[in-house]
Amino acid sequence: MSRLLTLAFYLFSVVTTVLSNKVYRTDYEYNRYTDAFYKLHIETANPVNAAKVCQAEGAVLMMPASQQDIAQLHGMFKKYPDLDNFVWVANDGQTHESAEEQPLINLQPPTEEYVPLWQRECDAVTREGEIVSITCFKDRPFICKVDAAKAPYNKECNVYGNDFQRARTVNSCYQIPTIAYTWNQAYAECAAEGAHLVVLNSQAEHDEVQRLMNSAPRIQEARETWFFHAGFRAQTTDQQRVFKTIFNETLEDAGYSTWADNEPNNALQNENCGTLFKNDGKLNDVDCSYRYGFICEKEITAQT
Ligand code: MMA
Ligand code: CA
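Bear in mind that the values here come from a model prediction, so they are computed numbers and not experimental data.

Observations concerning the site of ligand 1
So, step 1. Close contacts around ligand 1 come from Arg 223, Glu 224, Trp 226, Phe 227, Glu 263, Asn 265, Glu 271, Asn 284, Asp 285, Val 286, Tyr 290 and Tyr 292, and that covers them all.
So, step 2. Here an oxygen atom of ligand 1 sits 2.5 Å away from a polar atom, N or O, in the side chain of Glu 263.
So, step 3. Asp 285 is positioned with one of its backbone polar atoms (N or O) 2.9 Å from an oxygen atom of ligand 1.
So, step 4. Protein burial of ligand 1: of its 330 Å² of free accessible surface, 72% is covered by the chains.
So, step 5. In terms of residues, the shell around ligand 1 owes the most to one element, strand 16 (residues 283-286), which gives three residues.
So, step 6. Per-class residue counts for the shell around ligand 1 are five nonpolar, two polar and five charged.

Describing the coordination of the calcium ion (ligand 2)
So, step 1. Bound to the calcium ion (ligand 2) are the protein donor atoms Glu 263 (OE), Asn 265 (OD1), Glu 271 (OE), Asn 284 (OD1), Asp 285 (O) and Asp 285 (OD), situated 2.2 to 2.6 Å from the metal.
So, step 2. Site description for the calcium ion (ligand 2): donor spacing in sequence, E-x1-N-x5-E-x12-N-D. Across this residue pair, the class does not change: Glu 263 and Glu 271 are buried.

Some words on unusual backbone geometry
So, step 1. Note that the residue after Glu 263, namely Pro 264, is joined by a cis bond; omega there is 0°.
So, step 2. Relative to the assigned elements, Pro 264 resides in the loop between helix 6 (251-254) and strand 15 (273-277).
So, step 3. The phi dihedral of Asp 163 falls on the positive side, at around 65°, and the residue is not glycine.
So, step 4. Look at Leu 268: it is not a glycine, yet its phi comes out positive at around 55°.
So, step 5. Tracing the chain through its elements places Leu 268 in the loop between helix 6 and strand 15.

Digging into the state of the cysteines
So, step 1. Following the criterion strictly, the structure yields five disulfides and no others.
So, step 2. In this model, Cys 122 is linked to Cys 136 through a disulfide, with the two sulfur atoms separated by 2.1 Å. Its S-S torsion of about 95° marks the bond between Cys 122 and Cys 136 as right-handed, since a negative value means left-handed. With Cys 122 in strand 5 (residues 121-126) and Cys 136 in the loop between strand 6 (131-135) and strand 7 (140-147), this pair connects stretches of sequence that are 14 residues apart. Taken as a pair, Cys 122 and Cys 136 share a single burial class, namely buried.

Focus: the sheet that holds strand 18 (residues 296-299)
So, step 1. Across the sheet, four strands lie side by side as 10-11-18-12; this open sheet has antiparallel pairing. Because the sheet does not close on itself, it has two edges, and the strands there are strand 10 (165-166) and strand 12 (196-197).
So, step 2. In this sheet, strand 11 (residues 172-175) lies alongside strand 10 in antiparallel orientation, the contact comprising two bridges. Bridge pairing in strand 11 links Gln 165 to Tyr 174.

Here we look at the packing of aromatic side chains
So, step 1. Scanning the model with the defined rule gives 14 aromatic pairs in all.
So, step 2. Ring plane angle 80° and centroid distance 5.6 Å describe the contact between Phe 227 and Tyr 292, whose orientation is recorded as edge-to-face. On the criterion of sequence distance, the pair formed by Phe 227 in strand 13 (residues 227-234) and Tyr 292 in the loop between strand 16 and strand 17 (293-294) is long-range, its members being 65 residues apart.
So, step 3. Exposure remark for Tyr 292: the relative accessible area of 1% places this residue in the buried category.
So, step 4. Ring pairing ties together the aromatic residues Tyr 24, Tyr 28, Tyr 30, Phe 37, Tyr 153 and Tyr 160, which thus form one cluster.
So, step 5. Stacked on the ring of Tyr 33, the Lys or Arg Arg 32 has its end atom at 5.4 Å from the ring centre.
So, step 6. Against the face of Trp 183 rests Arg 233, its NZ or CZ located 4.9 Å from the ring centre.

Rules used in this analysis
Residues numbered from 1 in each chain as written. Chains lettered and ligands numbered in written order. Predicted model: local features only at pLDDT ≥ 70, side-chain atom pairs only at ≥ 80, totals over all residues. Heavy atoms only, no water. Near = heavy atom within 4 Å. Polar contact = N/O pair within 3.5 Å; in protein donor to acceptor, adjacent residues only side chain to side chain. Areas by Shrake-Rupley, 256 points an atom, 1.4 Å probe, with all protein chains shown as cover. Helix = DSSP H or I, 4+ residues; strand = E, 2+ residues; numbered from the N terminus. Nonpolar A, V, L, I, M, F, W, Y, C, P; charged D, E, K, R; others polar. Donors = N, O, S within 2.8 Å, 3.2 Å for Na, K, Ca; no water. Buried < 20%, exposed > 50% of the residue type's maximum accessible area, 1.4 Å probe, protein only. Disulfide = S-S within 2.5 Å. Pairing = 2+ DSSP bridges. Phe/Tyr/Trp six-rings, centres within 6.5 Å; stacked < 30°, edge-to-face > 60°. Lys NZ or Arg CZ within 6 Å of the ring centre and 35° of its normal.

None of the figures reported here should be taken as evidence of function without further support.
In structure tokens:
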């Protein structure tokens with residue numbers, strides 16, 4: 001009897017392992033026919049910025065490679081009946097019929113030379129699953145894809161994403177994505193990777209993160225390149241502004257609470273989000289809607 005049970009359990013675990021979905025970031029969906037992960041972005045962007053967002057997520061703007069890809073997109077599309085009729089995908093190099101009026105100029109981009117977006121055509125997939133070419137100069141939803149074999153997982157840091165580095169003096173891994181986001185977007189991005197916006201818990205960690213900010217490549221789209229979003233903000237509902245970490249501790253309790261000179265200044269009475277100054281790694285308050293670089297952190301814990 002107990003042997004039978006053991007066998008049953010063994011078979012059960014084999015079957016579930018085979019059928020169970022692979023996992024990537026919490027915001028990506030697995031498709032076992034294509035063995036790839038997908039995310040439909042309903043917040044819109046032009047195809048150039050869409051590709052950057054996908055890249056920051058360890059993926060690429062999906063180039064439709066099979067009917068399964070189209071079917072996957074179709075399924076995701078259906079959940080949003082109010083969405084645009086087109087979703088950006090990457091150009092597959094083939095010619096497609098235009099779904100919109102042709103601009104009068106020649107659309108074949110001369111290679112190498114810069115051609116503005118409004119003079120280019122980009123590929124989109126319609127609700128009906130057709131690939132069409134339309135002017136690139138528009139923000140639309142878009143779809144990112146990454147093959148399971150290429151989806152970045154950092155084992156040492158136990159996190160889904162590229163370029164996480166284990167710190168030397170602190171028991172954490174850090175990543176500075178090469179994209180600028182609002183505080184809320186940055187918060188969501190770190191969380192989807194299985195990490196969180198950086199929280200400084202000691203002077204040693206401050207020193208480590210300061211060094212990291214100063215060796216990171218410049219983030220072009222950032223409103224100011226010398227601030228990075230971090231894991232603390234003020235509760236706007238409070239009469240008095242009290243800055244707390246994303247784990248709801250005061251900065252003092254967290255272990256690092258040194259503001260930069262004259263900060264927090266609540267400039268324009270609208271600075272409720274936390275950043276770190278690149279120069280000295282000290283704290284500053286900013287407008288939550290400003291796009292800055294940001295730092296994700298993942299503590300090293302004993303893995304099960
Ligand atoms: C200044 C300073 C900061 C403020 C930012 C917002 C460049 O620094 O007033 O306190 O947060 O502007 O851009
Ligand atoms: Ca400020």
